[in-house]
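Chain by chain, the residues:
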Amino acid sequence: MASKYVGDNMGVRTLEHYNQFFRFQRFARFDYGERENLIKYKQKCPPKYDVTTIDIPISIASLTSDIVATPKDCRSLKKKVKNSRIRFFVGNHWDLWASPATTNKIVDDYEEFIDSEDFIIAAGYPVETHHITTQDGYILTLHRIPSTNFSSSPVLLVHPMTTSGIIWVLPLTRKAKPIAFGLSDLQHDVWILHFRGTKESLRHRFLKASNIDFWNYTAHELAIFDIRNSVDYILEKTKKEKINYLGISQGSSSLMMLLATKPEYNGKISAAYLVSPIFESNFIPFSVQMIYGSDFSDLLIFMSDTERKNFADFGNRNMLERMKFVAGSDFLIDLMLKGASLVVGNFNPNVNYSSIFKNFNVIGDKVGLGTVKHYSQILRHHRFARFDYGEDENRRVYDQNWPPTYDVTKIKVPTTIVSLKSDIIANPEDCQALKMQIKKSRIVDFEGNHVDFWSLPQTINGITGDFEEFVSKNR
């Protein structure tokens, strides 16, 4: 029977300690008796554990039929632990192990609960969690790794699509520190944004994420609300006049959209570092054009196994199970990479990508399909422009048949454009075309395609070092 594998040794004194909790109804140190207590604790009764001093995020999983750690006791604990939440699951004290349904639900909830803050703390860095409300009502999370150098300028890190700000702090290779930690080591005041719709920014003043209207936005709203409001919040909080900016893919293009739409924000950015910015895509290969020529949002729904039609979820359990299955086979990893290379560029043959697949439940996140369709239009029409609603709606929204283009010549910020050599979405030719339109710009290149450089130590270290050198010249 399975029980012979579950049972194991337990110290008698440990068992007695827990018995004392139940007998005396006190969450306290071990009770040796009054005389020994006086020697050990300088008091007759053992001191209680003060759970009010716990200040890390805590999630309490309460099982509805549990008579050992009852739901009532769990609620009482939640009231005493300041930064806590409680979730209820069907089962008794043992069903965590005995009921697959309960186990899976708890695992899913844990994966929802764990966030960037946990990885930052685990890496030994200080962290602050900030929440801002955008002008259109979305409640966003910003994580900050404060610098001990109070004269340092803030740097805002903005993530690509299908993931969240957690990508900046995930240790996906042992040979390079995640970019956020590398910049913190260089005394930057690091701020990490999580776009609306990701699990760490899944709230709104009036709408629930289950409401289809919650997802009614495009890439434009990410720029003029999420980025703009984040910049304003950071400047107000730090009392600085300008910030530095580092974005990747969607994160790069979002700043370009903002500065083209609200050119006054050029005065709030000291330097912009844009990795793989999606621009006009005039040089993307035919294979990519064919994929984006269809409704790419339907493909993303299929890939992420999402039943909802208003977002794709790359962090759901079905996606995780598939990725773990792939991670266990070199053949399947190679097959997956060959297929993906058709749309993002060739993968480095000398890198073991198994860590990407194993961590996909943490890497992957939700993405609104309005945003996906917007970038699909940019790639399909070769126009870096506002969202295309169709001629009739365009005339109502824009007073013209076609959506207006973003005029990137309005970008006056000193800008670095990072071209990744194997990238076929933001390919080197498109990066050069963008450089020609941004007056104060330079271009550098590193190894990698549109998604794999998180696993390339030389690229991660190269970006961190070049960013430091670039912003130091533009202070």
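Residues numbered from 1 in each chain as written. Predicted model: local features only at pLDDT ≥ 70, side-chain atom pairs only at ≥ 80, totals over all residues. Heavy atoms only, no water.

(A) Molecular detail of the environment of Asp 115. Looking at where Asp 115 falls in the secondary structure, it is placed in the loop between helix H6 (100-113) and helix H7 (116-122). Under the relative-accessibility criterion, Asp 115 is labelled buried at 17%. Sequence separation of Asp 115 and Gly 165 is 50 residues, and the distance between their C-alpha atoms is 9.4 Å. The residues contacting Asp 115, other than those within four sequence positions of it, are His 143, Ile 166 and Glu 200. At 3.1 Å, the side chain of Asp 115 forms a polar contact with the backbone nitrogen of Glu 117. (Helix = DSSP H or I, 4+ residues; strand = E, 2+ residues; numbered from the N terminus. Buried < 20%, exposed > 50% of the residue type's maximum accessible area, 1.4 Å probe, protein only. Contact = heavy atoms within 4.5 Å. Polar contact = N/O pair within 3.5 Å; in protein donor to acceptor, adjacent residues only side chain to side chain.)

(B) Geometry of a nonpolar patch on the surface. Side chains of Met 10, Leu 15, Tyr 18, Phe 22, Ile 67 and Val 68 sit close together on the surface and give an oily, nonpolar patch of about 650 Å² of accessible area. Mapped onto the fold, Tyr 18 is located in helix H2 (residues 12-24). (Patch = residues over 30% accessible without salt bridge, like charges linked within 9 Å, V, L, I, M, F, W, Y side chains within 5 Å. Areas by Shrake-Rupley, 256 points an atom, 1.4 Å probe, with all protein chains shown as cover. Salt bridge = Lys/Arg side-chain N within 4 Å of Asp/Glu carboxyl O.)

(C) Examining helix H20 (residues 457-472) more closely. Between its terminal C-alpha atoms H20 stretches 23 Å, which fits the 22 Å expected from 16 residues at 1.5 Å a residue. Looking at the buried positions of H20, the neighbouring elements they touch are strand S5 (154-158), helix H8 (179-185), strand S8 (243-248), strand S9 (269-275), strand S12 (415-420) and strand S13 (441-446). (Expected span 1.5 Å × (residues − 1).)

(D) Here's a closer look at the pattern of salt bridges. Under the defined criterion, the tally for this structure stands at 14 salt bridges. The salt bridge partner of Lys 473 is Glu 469, with a shortest N-O separation of 3.4 Å. Classification of Lys 473 by relative accessible area gives exposed; the value is 61%. Its relative accessible area of 42% is what places Glu 469 among the partly exposed residues. Counted as one network, the salt bridges with shared partners bring together Glu 128, Arg 144 and Asp 189.

(E) Structural context of the nonpolar core. Ranked by internal contacts, the top residues of the largest apolar core, which has 97 residues, are Leu 156, Trp 168, Leu 246 and Tyr 273. Counting residues per element, this core draws most heavily on helix H9 (residues 219-238), at 7 residues. (Core = buried A, V, L, I, M, F, W, Y, C linked by side-chain atoms within 4.5 Å.)

(F) The packing of helix H10 (residues 250-261) against helix H17 (residues 369-381), seen in detail. The geometry of H10 relative to H17 is characterised by a closest axis approach of 13 Å and an angle of 80° between their N-to-C directions. Classified by the angle their axes make, H10 and H17 are roughly perpendicular. Between H10 and H17, the residues in contact are Gln 250, Ser 253, Ser 254 and Met 257 and Thr 371, His 374, Tyr 375 and Ile 378, respectively. Looking at the contact of H10 with H17 residue by residue, the classes come out as 3 nonpolar, 5 polar and no charged. (Axes fitted to C-alpha atoms, helices over the stretch in contact; angles between N-to-C directions. Parallel < 35°, antiparallel > 145°, perpendicular 65-115°, else oblique. Nonpolar A, V, L, I, M, F, W, Y, C, P; charged D, E, K, R; others polar.)

(G) View of the side chain of Ser 253. For Ser 253, the location among the structural elements is in helix H10. Accessibility expressed as a relative area gives 0% for Ser 253, which makes it buried. Separated by 2.8 Å, the side chain of Ser 253 and the backbone oxygen of Ile 278 make a polar contact. If we ignore the near neighbours within four places in the chain, the residues touching Ser 253 are Pro 277, Ile 278, Tyr 375 and Phe 384.

(H) Broad picture of the pairing of S5. Of all 5 residues in S5, 5 are buried, a share of seventy percent or more. Along S5, one buried face is formed by Pro 154, Leu 156 and Val 158 and the opposite face, lined by Val 155 and Leu 157, is buried too. Between the parallel elements S5 and strand S6 (residues 189-194), the chain passes through H8 in a crossover that is right-handed. (Right-handed = clockwise from strand over helix to strand, strands pointing away.)

(I) Region of the structure containing the environment of Ala 433. Residue placement: Ala 433 occurs in helix H19 (residues 428-437). Between the alpha carbons of Ala 433 and Phe 279 there is a distance of 8.8 Å; along the sequence they are 154 residues apart.

(J) Representation of the packing of aromatic side chains in the model. What the rule picks out here adds up to 18 aromatic pairs. Relative to Phe 181, the ring of Tyr 125 lies with its centre 4.5 Å away and its plane at 5°, an arrangement referred to as stacked. Here Tyr 125, found in the loop between H7 and strand S3 (128-133), pairs with Phe 181, found in helix H8; they are 56 residues apart in sequence, far enough to count as distant. An identical accessibility class is assigned to Tyr 125 and Phe 181; each is buried. Geometrically, the ring pair formed by Tyr 273 and Phe 470 is tilted, given 6.2 Å between the ring centres and 55° between the ring planes. Note that Tyr 273 is positioned in strand S9 and Phe 470 in helix H20, a separation of 197 residues in sequence. Put simply, the rings of Tyr 18, Phe 21, Phe 27 and Tyr 49 touch in pairs and so form one group of aromatic residues. Positioned above the aromatic ring of Tyr 32, the side-chain terminus of Lys 40 is 5.1 Å from the ring centre. Its guanidinium or amino end placed over the ring of Tyr 217, Arg 196 lies 5.2 Å from that ring's centre, counting from NZ or CZ. (Phe/Tyr/Trp six-rings, centres within 6.5 Å; stacked < 30°, edge-to-face > 60°. Lys NZ or Arg CZ within 6 Å of the ring centre and 35° of its normal.)

(K) Representation of a positive patch on the surface. There is a patch of like positive charges on the surface, built from Lys 242, Lys 412, Lys 439 and Lys 440. Checked against the element boundaries, Lys 412 lands in the loop between helix H18 (391-398) and S12. (Lys, Arg positive; Asp, Glu negative; His and termini not counted. Charge placed at Lys NZ, Arg CZ, Asp CG, Glu CD.)

(L) Inspection of the pairing of S12 at higher detail. Where burial is concerned, most of S12 is hidden: 6 out of the 6 residues are buried. The alternating pattern of S12 places Thr 415, Ile 417 and Ser 419 on one face and Thr 416, Val 418 and Leu 420 on the opposite face, and all of these are buried. Relative to S12, S9 runs parallel, the two sharing 4 bridges. By the bridge assignment, Ala 272 is partnered in S12 with Thr 415. Looking at chain direction, S12 and S13 are connected through 6 bridges and run parallel. (Pairing = 2+ DSSP bridges.)

(M) How the structure looks around helix H14 (residues 330-344). Between its terminal C-alpha atoms H14 stretches 20 Å, which fits the 21 Å expected from 15 residues at 1.5 Å a residue. Buried residues of H14: Ile 333, Leu 337, Ser 341, Val 343 and Val 344, and no others. Just downstream of H14 lies Gly 345, where phi reads positive at about 110°.

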